[in-house]
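Listed below are the residues making up each chain.
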Amino acid sequence: MSSEAIHLPRALLPPKIIPTRDIKSLEAIQFRGATVGILIGRLGATPRIVEREHFLAPQDFDEFLVELTIGLPHVPLAPKVANDGRRSALSGDRKFPIIGILSIILCVTYALTLDPLSFEIDNRALELGALTKFSVTTSQWYRIPAAFFLHSSPAHLFVNLFSFAIVGRGVNSIIGTPRFVFVLVLSAAFGSISSVVFSSYDYVVGASGGLMGALAIFVSFSLACHQRLPGSVSLPPQLVMLVVGLQLLSDAVTSNVDIVSHIGGGAVGAGYAVWLIKSHSLPIPAASTGSRLLAVTLACAYIAGLCTFLRHYLSFV
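Below: a short report on this structure.

Parameters and conventions
- Residues numbered from 1 in each chain as written.
- Predicted model: local features only at pLDDT ≥ 70, side-chain atom pairs only at ≥ 80, totals over all residues.
- Heavy atoms only, no water.
- Salt bridge = Lys/Arg side-chain N within 4 Å of Asp/Glu carboxyl O.
- Helix = DSSP H or I, 4+ residues; strand = E, 2+ residues; numbered from the N terminus.
- Buried < 20%, exposed > 50% of the residue type's maximum accessible area, 1.4 Å probe, protein only.
- Core = buried A, V, L, I, M, F, W, Y, C linked by side-chain atoms within 4.5 Å.
- Expected span 1.5 Å × (residues − 1).
- Arc of directions from axis to C-beta.
- Axes fitted to C-alpha atoms, helices over the stretch in contact; angles between N-to-C directions.
- Parallel < 35°, antiparallel > 145°, perpendicular 65-115°, else oblique.
- Left-handed = near helix turned anticlockwise from the far one by under 90°.
- Contact = heavy atoms within 4.5 Å.
- Nonpolar A, V, L, I, M, F, W, Y, C, P; charged D, E, K, R; others polar.

Let us look at the pattern of salt bridges. If you walk through the whole model with that rule in mind, you get two salt bridges. Notably, a salt bridge pairs Asp 62 with Arg 52, separated by 3.2 Å at the nearest N-O pair. With a gap of ten residues between them, Asp 62 in helix α1 (residues 58-71) and Arg 52 in the loop between β5 (45-51) and α1 connect regions that are remote in the sequence. With a relative accessible area of 35%, Asp 62 lands in the partly exposed category. Residue classification places Arg 52 among the partly exposed positions, given a relative accessible area of 25%. Here Glu 127 makes a salt bridge to Arg 124, at a shortest N to O gap of 3.7 Å. Residue Glu 127 and its partner Arg 124 are both found in helix α3 (residues 123-129); the two are separated by three residues, about one turn of the helix. What makes Glu 127 partly exposed here is its relative accessible area of 39%. In this structure Arg 124 comes out as partly exposed when scored by relative accessible area, which is 35%.

This part is about the nonpolar core. Counting 61 residues, the largest nonpolar core has Ile 174, Ile 175, Phe 221 and Phe 309 as its most contacted members. Listed in part, the 16 residues of the second largest apolar core include Leu 8, Ile 18, Ala 28 and Phe 55.

A separate point is helix α8 (residues 237-253). A rise of 1.5 Å per residue sets the reference length of α8, with its 17 residues, at 24 Å; its end C-alpha atoms lie 24 Å apart and thus fit the reference within 8%. If you check which residues of α8 are buried, you get Val 240, Val 243, Gln 247, Ser 250 and Asp 251. Seen end-on, α8 carries its buried residues on one side only, within an arc spanning 105°. Opposite the buried face of α8, by more than 90 degrees, sit the exposed residues Gln 238, Met 241, Ala 252 and Val 253.

Helix α7 (residues 208-224) packs onto helix α6 (residues 177-198) with a crossing angle of 130° between their chain directions and a minimal axis gap of 7 Å. The angle between the axes of α6 and α7 places the two elements in the oblique class. For the crossing formed where α6 meets α7, the hand is right-handed. In this structure, α6 contributes Phe 180, Val 183, Leu 184, Ser 187 and Ala 188 to the contact, and α7 contributes Gly 209, Gly 210, Leu 211, Gly 213, Ala 214 and Ile 217. Here the contact of α6 with α7 is built from residues that sort into seven nonpolar, four polar and no charged.

Given below as C-alpha cells:
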C-alpha cells in the first residue's frame, strides 16, 4: 500500500488498484467476534470486499488491516456485523428483516389470488381488494392496505420484489426499521389515494407507491450525504437508475398500475427525507418509543386490512 493507492489481492487475477482519494469508508466484517474481511466503500463506485482468505497467511491480512488504518487516518474503521447482528450501520435502531418478511407476504398473497389459467390476478380479487374510486364512499377502508399487497401479474410482482431488495435494505439501514415502516405505509397510502383521485384506472393495486417513497429517501440521502454513506448501504448510480427504469416500464406495460401512485409515494418519501436530513445528522438516532408504537400500529393496520380482504375473497373461492 502507498500513500496514493492500495492494492487489493484477488484470486487468479492481478491486484485491484484503488486510489486512496476514492475511499470513503472502511467497515470490518465480523463473524463470531473475529474480523474476517473489510468492506471498502468508494466514491461513485461499487464497494470492494477484501476477505482474510484472500491472503496466503492470516497474519498477512492482519498486517494489511493495520497498514490500511494507518494509511487512511481520515477514514475511521467501523464495524459491520455479519453474524446476525441486528444493529443498523447508520441508525441507532436495531435492524429487523422487514424486506424478507414483506417479500414473503407479497408472494403468499399473490399465490392465493392468482388465476391458475392465466397466472395473473384473479378478477374476483380485483373486485374485492383493489382500491377503487368508490372505496371511501362505501367505507371499504380495508382496500387501502389490501391493494398494497395485490399485484396484477408475475412481472409486476417481480419488479417490486427486486426493487425492494435493492433499495429497501439500504433505507432500512439508514433510517431504521420503525421509520422505514412508517414511510413505507404513508407513501403507499398517499400514492394509492392519489391514484383514486387522479387516475383513469378503475382498479389500482401494487406496492409501488411505498417503494417509490423508499427510493426517494435513498436518492435524497445519496445526494445530500454521499460521502458519509458507508459502502454497505451505497449503491452505484447505474443500479438506482435500473430500479427507476423498471418502475417506469411497469407503468407502461402493467394494467391497473399508473404513474400517479409513484409520484404521490415519491413525494412523501422525498419530503420525509428532507425533514430527516435537516433535523438529524448521520448516524440517525434511534426512533422514540412513540415512533415505534406508531410503526407497529400502522403495520398491524395493514396486516388487518389484508386479512379482511382475504376473508372476503377466500369465502367466494
